[in-house]
Amino acid sequence: MAYKFRIGHGYDVHALAPGLALWLGGVKIEHEKGCVAHSDGDVVIHAICDALLGAAALGDIGKLFPDTSAEFKGIDSKILLTRVVEALTEKGYRVGNVDCTIAMQRPKLRPHIEQMRETLARVMGVEVESVSVKATTTERLGFEGREEGVSTHAVALIWRE
């Protein structure tokens, strides 16, 4: 029996290195470090993709967009999110809402949160009120606190009529 509402969880992490672009939630953020990745390394979008795919039991981002494929080398993660939403639509699902938390010591992300929400909402075709983005430090603990990497947890609700 397929339920009308489904919930998924996603998690992504990337190492940080000097001289690379930092993309979070579809927004380029000025910082001396960026994500080491096959794509643009947007951990926020990657976690959201996994949450949406998980809710629909469609696998994960690595299954749909393998990091061994030249097709996805350096790809804008907003394109990946668009394709995930299209895959959901093909299965009769719509995005209800998403909520994500970014763990990163620096830079401070509060000034960028609204732009992330607006960008993510536009890409997913939902209202801004359906997208929550939060940021936290880890009080200098762990790889995020040592500024070695960034992680994001995301949850998503999808539904079908």
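Look a little higher up for the structure.
In this text the structure is predicted, and so the values were computed from the model without any measurement. (Residues numbered from 1 in each chain as written. Predicted model: local features only at pLDDT ≥ 70, side-chain atom pairs only at ≥ 80, totals over all residues. Heavy atoms only, no water.)

Counting its regular elements, the chain contains 5 helices and 7 strands. Each helix and strand of the chain, ordered N terminal to C terminal, gives the series β-β-β-β-α-α-α-β-α-β-α-β. Dimensions along the principal axes, computed over C-alpha positions, put the chain at roughly 45 × 35 × 25 Å. By residue count, 51% of the 161 residues in the chain fall in the buried class. (Helix = DSSP H or I, 4+ residues; strand = E, 2+ residues; numbered from the N terminus. Buried < 20%, exposed > 50% of the residue type's maximum accessible area, 1.4 Å probe, protein only.)

The topology assignment puts Thr 152 in strand S7 (residues 149–159). On the basis of relative accessibility, which here comes to 0%, the residue Thr 152 falls in the buried class. Not counting residues within four places of it along the chain, the set of residues in contact with Thr 152 comprises Gly 10, Tyr 11, Asp 12, Val 43, Val 44, Ala 47, Cys 100, Thr 101 and Ile 102. (Contact = heavy atoms within 4.5 Å.)

All right, on to helix H4 (residues 113–124) then. Here H4 is 12 residues long and its end C-alpha atoms lie 16 Å apart, about the 16 Å a rise of 1.5 Å per residue gives. Those residues of H4 that fall on the buried side of the exposure criterion are Ile 113, Met 116, Arg 117, Thr 119, Leu 120, Ala 121, Val 123 and Met 124. Contacts from the buried residues of H4 go to strand S2 (22–24), strand S3 (27–29), helix H1 (43–55), helix H3 (77–90), strand S5 (94–103) and strand S6 (131–136). (Expected span 1.5 Å × (residues − 1).)

On to the sheet that holds S6, then. Taken together, the 5 strands give an open sheet; going across it, the order is S4-S1-S7-S5-S6, and neighbouring strands pair in mixed fashion. In the strand order of this sheet, the two ends are held by strand S4 (33–35) and S6, each with one partner. Averaged over neighbouring strand pairs, the angle between their axes works out to 20° when direction is ignored. Alignment of strand S1 (residues 5–18) against S7, held across 11 bridges, turns out to be antiparallel. Bridge pairing in S7 places Gly 10 opposite Ala 154. Across the sheet, H1 is in contact with S1, S5 and S7; its angle to S1 comes to roughly 155°. In this fold H4 packs onto S5 and S6, with an angle of close to 145° to the strand it touches most, S6. (Pairing = 2+ DSSP bridges. Axes fitted to C-alpha atoms, helices over the stretch in contact; angles between N-to-C directions.)

What follows concerns the packing of aromatic side chains. Counting across every chain of the model gives 0 aromatic pairs. It is Arg 160 that lies over the ring of Tyr 93; its NZ or CZ is 4.1 Å from the centre. (Phe/Tyr/Trp six-rings, centres within 6.5 Å; stacked < 30°, edge-to-face > 60°. Lys NZ or Arg CZ within 6 Å of the ring centre and 35° of its normal.)

Note on backbone geometry: most residues besides glycine have negative phi, and most peptide bonds are trans. Looking along the chain, the bond that leaves Arg 106 and enters Pro 107 is cis, with omega of 0°. Here Pro 107 lies in the loop between S5 and H4. At Ala 57, a residue that is not glycine, the phi angle is positive and equals roughly 55°. With respect to the element layout, Ala 57 can be found in the loop between H1 and helix H2 (61–64). The phi dihedral of Glu 139 falls on the positive side, at around 55°, and the residue is not glycine. Positionally, Glu 139 belongs in the loop between S6 and helix H5 (142–145).

With that settled, the discussion passes to the pairing of S5. The side chains of a regular strand alternate, residue by residue, between the two faces of the sheet. Here 9 bridges tie S5 to S7, and the two strands are oriented antiparallel to one another. Of the residues in S7, the one forming a bridge with Arg 94 is Trp 159. Two elements, S5 and S6, share 6 bridges in a ladder whose sense is parallel. Within S6, the position partnered with Val 98 by the bridge is Val 131.

These results come straight from atomic positions and should not be treated as a statement about function.
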